[in-house]
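Understanding the architecture of this molecule
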Amino acid sequence: MKRKLVFATNNAHKLEEIKAILGEKIEILSLKDIGCEADIPETADTLEGNASLKSRYIYDHYGMDCFADDTGLEVDALGGAPGVFSARYAGENGHDSEANMKKLLVNLKEITDRKAQFRTVISLIEQGKELQFEGIVKGDILTEKRGCSGFGYDPVFRPEGYDLSFAELGNDIKNKISHRARAVALLCKHLSD
């Protein structure tokens, strides 16, 4: 019987990306699959803290092994911002990618050092014990949006070693080189040991 793990997210893009990366090894259940409609709080001031809050909530309320992630775009010239506030950078309502990208580009308008990194932290809870895995991809912020695949800041982020944004590279390439792919690779290695 295939192992089941809950991925504590309501983000369909993330769920699709994780399932593509993990393949058929493990059956990934969404919050919807387990009947969780709670708006799990992300009130920590670090990516590590938010990932932990989400996975701990699922384990404590549903008793199922699970993992959760939190991802942030960290821009050197902005002191690591938007960081933990990446999804709600342009306002408290959150998850407005267009507004977030617009604010980022405005804040970087006169800045030439556009180095940045995407960082994902995964919190895995198995039988009550927590482990964390981190994935980082370095790159820079473009001066304008390019491409139409992906989500979030993908149209303005160009990973190191590429001339294209994440949104131009397409999901197949992105899923192999992304911050989330790197964190998930560490998760997979742990799960298959």
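This text gives an overview of the structure that appears in the document. Note that the coordinates shown come from a computational prediction; the quantities given were computed from them, not determined experimentally. (Residues numbered from 1 in each chain as written. Predicted model: local features only at pLDDT ≥ 70, side-chain atom pairs only at ≥ 80, totals over all residues. Heavy atoms only, no water.)

**A look at the pairing of strand S5 (residues 115-126)**
The buried fraction of S5 is high, at eleven of twelve residues. In this sheet, S5 lies alongside strand S3 (residues 66-75) in antiparallel orientation, the contact comprising ten bridges. From the neighbouring strand, Asp69 faces S5, where its bridge partner is Ile122. Alignment of S5 against strand S6 (residues 129-141), held across twelve bridges, turns out to be antiparallel. Within S6, the position partnered with Thr120 by the bridge is Gly135. (Buried < 20%, exposed > 50% of the residue type's maximum accessible area, 1.4 Å probe, protein only. Helix = DSSP H or I, 4+ residues; strand = E, 2+ residues; numbered from the N terminus. Pairing = 2+ DSSP bridges.)

**Quick notes on unusual backbone geometry**
That bond from Ala81 to Pro82 is cis: its omega, 0°, falls within 30 degrees of zero. Even without glycine at this site, Gln127 takes up a positive phi of about 50°. With respect to the element layout, Gln127 can be found in the loop between S5 and S6.

**Observations regarding the side chain of Ser55**
Examined against the element boundaries, Ser55 turns out to sit in helix H2 (residues 47-62). What makes Ser55 buried here is its relative accessible area of 0%. In terms of polar contacts, Ser55 uses its side chain to reach the backbone carbonyl oxygen of Ser52, at 3.3 Å. Apart from residues no more than four positions distant in its own chain, Ser55 is found in contact with Cys66, Phe67, Ala68, Ser123, Ile125 and Glu130. (Polar contact = N/O pair within 3.5 Å; in protein donor to acceptor, adjacent residues only side chain to side chain. Contact = heavy atoms within 4.5 Å.)

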